[in-house]
Amino acid sequence: MAVAGEVSMHRKPELPSKVCHGCERGFVWRRKWARCWDEVRYCSERCRRDARCAWRAG
């Protein structure tokens, strides 16, 4: 049992985060983005696709 104020051993480390350009919500680093984190702008494929469709529609 964890005692109040004690840090859990299974806690995730502090990961970098960004704000999605499509939905304006925050999202955190994922392992699959390790090599291209600087280029990631959207939190999901759906946000990327919807933003692209909105841009094309005018």
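What counts, and at which threshold
- Here, residues in each chain are numbered from 1, in the same order as that chain's written sequence.
- Totals for whole chains, interfaces and linings use all residues, but because this is a predicted model, local features are given only for residues with pLDDT of at least 70 and pairs of side-chain atoms are given and counted only at 80 or more.
- Water and hydrogen atoms were dropped before computing side-chain values, which therefore reflect all heavy atoms in the structure.
- Strands here mean DSSP runs of E at least two residues long; helices mean DSSP runs of H or I at least four residues long; both are numbered from the N terminus.
- Each residue's exposure class comes from its accessible area (1.4 Å probe, protein chains only) as a fraction of the maximum for that residue type: buried when under 20%, exposed when over 50%, partly exposed otherwise.
- The contact criterion used throughout is that any non-hydrogen atoms of two residues lie within 4.5 Å.
- Each accessible area value is a Shrake-Rupley result obtained with a 1.4 Å probe; residue values ignore everything except the protein chains displayed when judging cover.
- By convention a nonpolar core is built from buried Ala, Val, Leu, Ile, Met, Phe, Trp, Tyr and Cys residues, the set being connected through side-chain atoms within 4.5 Å.
- When a carboxyl oxygen of Asp or Glu is within 4 Å of a side-chain nitrogen of Lys or Arg, the pair counts as a salt bridge.

Draft legend 1. The arrangement of the overall build of the protein chain in detail. Helix and strand counts for the protein chain stand at one helix and two strands. When the helices and strands of the protein chain are read in sequence order from the N terminus, they spell out β-β-α. Counting every position in the protein chain, which comprises 58 residues, the buried fraction comes to 14%. Considering only residue pairs separated by 6 or more positions, the protein chain has 5% of its internal contacts joining residues 24 or more positions apart. If you sum the accessible surface of the protein chain, you get close to 5700 Å²; carbon and sulfur atoms cover 52% of it.

Draft legend 2. Layout of the nonpolar core. In terms of nonpolar packing, the biggest core is built from eight residues, these being Cys20, Phe27, Trp33, Trp37, Val40, Tyr42, Cys43 and Cys47. Ignoring sequence-local partners within four residues, the contact set of Trp33 consists of Phe27, Val28, Val40, Tyr42 and Cys43.

Draft legend 3. Here's a closer look at the pattern of salt bridges. Summed over the entire model, instances satisfying the criterion amount to two salt bridges. Salt-bridge contacts for Glu45 lead to Arg48; the nearest nitrogen and oxygen are separated by 2.3 Å. In this pair, Glu45 and Arg48 are both assigned in helix H1 (residues 45-57), three residues apart and thus about one turn of the helix distant. For Arg48, a relative accessible area of 36% gives the class partly exposed. Here Asp50 ties to Arg46 by a salt bridge, and the two come within 3.8 Å at their closest N and O atoms. Here Asp50 and its partner Arg46 are both found in helix H1, four residues apart, which amounts to about one turn of the helix. The exposure class assigned to Asp50 is partly exposed, which follows from its relative accessible area of 41%. Taking relative accessible area as the criterion, Arg46 reaches 58% and is therefore assigned exposed.

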